[in-house]
Amino acid sequence: MRNRRSNGQIEQAANLGWIIPALLVALVLFTNGDADAAGWKAGVAKAVITPEKSVWLAGYGSKRAPDGKLHDLWMKALALEDSHGRKIVLITSDFQGVPKVMSDPAFDQIQKKFGLKREQIMLTFSHNHCGPRLGDDLVDYYPIDDDQVKLVNEYTEQMITRLVAMVGESLANLAPASLQQSEGMTTFAVNRRNNREADIPDLLAKGTPLVGPVDHTVPVLTVTRPDGKLEAILFGYACHPTTLNFTKWCGDYPGFAQLELEQNHPGVTAMFVNTCGGDQNPLPRRTVELCQKYGHMLADAVEQTLKKDFKPISPTVRTAFEMVELPYLKVVSREDLATAMQDSHPIRARWAGRLMKQLDAGVKFPATYPYPIHAWQLGNEMLVIGMGAETVVDYALKFKGEFGVGTWVCGYADDMIAYIPSRRVWEEGGYEGGSNLFEYGRPAFRWNGDVEDHITTSVRKLVKQVRVEK
């Protein structure tokens, strides 16, 4: 009698026989979905880089000894590990420019200590002109001063050591996290090639539209822990940090933006990348009040973006890297240098004298310069293109249009080489596209006109390598 069941019991058992496998399938799908959502690991670290000695401030072509600070300068690292154990580290900093004599030894040490290859590390700098000199960056910009050379070399070595240690700390801090991205906007960047600086206040007062290509987008990436704690905010903007030109340490508008975000979100690390701002300036400028205003505008754009719906990034990463040889239009001759040594332009004369000594020592100048290009694909949702030096805004507009939503195009990565003009800017000439490579110490006055073609070919090749089928 115990084995007898009512029709209702039999029907219930039959239903359970169908429901239980379905529940198991749903449980597996749910679990895998959670694994994808929380499959990232992230680690954050940061280090103060404010010089303790009187290293001159970088940029603007003159001797600028420091006389105080508005706030400390920083470099910061975001380490990410995907669900397959593949790692990348993005470094941001308040440096004006990081030269090869700093970045190459740092990359070598990072690979030896932590096993990360060049394609897994991207070292960016904001191009802040109230930061310190490094190595031989813009070496001919400054009056020759033996004591200063010693200080800069010591400081550069110290920064290599500190950077490598910071990367190690970020890797040691790897812990479960989720990544999300979105995009905002702010409008203080002005195309300086198409708008005369002296005219800007009057044009703005009259409401006259400014002209020339710009990229006013503010891409935002958040790193969140499983308990909902916001760990880091990475954000970008295409604009020179040249609001200020005085002699106090300061991160310019990106420094103020990062400070404001960190004050608004205690415990969060805010990190800034300069996207493609080579021909963009914050205008008007030259006061601390304007600098703070632009920093607030950028921070507010991030805050407004944080209120939007963010798109989760699935936990996979693919990386590719290449050094592309960018050709000079013409390598300088001994005759070119002899003429330039008599020039009234002090930077040109110093440059020519230094290169003439190299020729006398038997040095043969190369016809090209090795240009670093990165492509990182995070999930199917985010593509990061990292490019060396001062890329003009055309590159961001081009590659974002070509590769679609979720594309970040970052200049100022790995090596502060020179301005990198698009073909349009090269044909127009002017400061960013003309004969000014001497300011960066290169053995030529100008790039060849096809540098954009070389870069575009490389970027497309690298993106194809990292893109996965959607």
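Residues numbered from 1 in each chain as written. Predicted model: local features only at pLDDT ≥ 70, side-chain atom pairs only at ≥ 80, totals over all residues. Heavy atoms only, no water.

1. Some details on the overall build of the chain
At step 1: The number of helices and strands found in the chain is 12 helices and 17 strands.
At step 2: Scaling as 2.2 N^0.38, a compact globule of 470 residues should have a C-alpha radius of gyration of about 23 Å, and the chain matches this with 25 Å.
At step 3: Across its three principal directions, the C-alpha atoms of the chain cover 115 × 55 × 45 Å.
At step 4: Relative to its 470 residues, the chain shows a buried fraction of 53%. (Helix = DSSP H or I, 4+ residues; strand = E, 2+ residues; numbered from the N terminus. Rg over C-alpha atoms; globule rule 2.2 N^0.38 Å. Buried < 20%, exposed > 50% of the residue type's maximum accessible area, 1.4 Å probe, protein only.)

2. Observations concerning empty space enclosed by the protein
At step 1: Tallied over the full model, the rule gives 5 cavities of 30 Å³ or more.
At step 2: For the largest cavity, the calculated volume is near 110 Å³.
At step 3: Looking at the largest cavity, it is lined by 14 residues, and the ones nearest its centre are Leu 90, Leu 234, Trp 376, Met 382 and Val 384.
At step 4: Of all the secondary-structure elements, those providing two or more residues to the lining of the largest cavity are strand S2 (74-81), strand S3 (87-93), strand S13 (368-378), strand S14 (382-387) and strand S16 (407-410).
At step 5: With 3 residues, the top contributor of residues to the lining of the largest cavity is S3.
At step 6: Taken together, the residues of the lining of the largest cavity break down into 14 nonpolar, no polar and no charged.
At step 7: As for the second largest cavity, its lining consists of Glu 183, Asp 215, Thr 217, Pro 219, Thr 275, Ala 396, Lys 400, Thr 407, Trp 408 and Val 409.
At step 8: At the level of secondary structure, the elements contributing two or more residues to the lining of the second largest cavity comprise strand S7 (217-224), helix H9 (393-403) and S16.
At step 9: By residue number, the principal contributor to the lining of the second largest cavity is S16, which donates 3 residues.
At step 10: Looking at side-chain class alone, the lining of the second largest cavity contains 4 nonpolar, 3 polar and 3 charged residues. (1 Å grid on protein atoms, 1.4 Å probe; cavity = no way out; pocket = protein on both sides within 12 Å on 5 of 7 lines; lining within 4 Å. Points joined across faces, edges and corners; volume = space filled by probe spheres on them. Nonpolar A, V, L, I, M, F, W, Y, C, P; charged D, E, K, R; others polar.)

3. A word on the nonpolar core
Side chains of nonpolar character tend, in soluble globular proteins, to be buried together.
At step 1: The biggest cluster of nonpolar side chains holds 110 residues, and the ones touching the most others in it are Phe 95, Phe 235 and Trp 447.
At step 2: At 9 residues, helix H3 (residues 146-172) tops the list of elements feeding residues into this core.
At step 3: Non-local contacts of Trp 447, meaning those with residues more than four positions away in its chain, are made with Leu 326, Pro 327, Tyr 328, Leu 329, Tyr 369, Ile 417, Ala 418, Tyr 419, Ile 420, Pro 421, Trp 426 and Leu 437.
At step 4: Judged by nonpolar contacts, the second largest core, of 25 residues, contains Ala 42, Ala 232, Val 273 and Val 317. (Core = buried A, V, L, I, M, F, W, Y, C linked by side-chain atoms within 4.5 Å. Contact = heavy atoms within 4.5 Å.)

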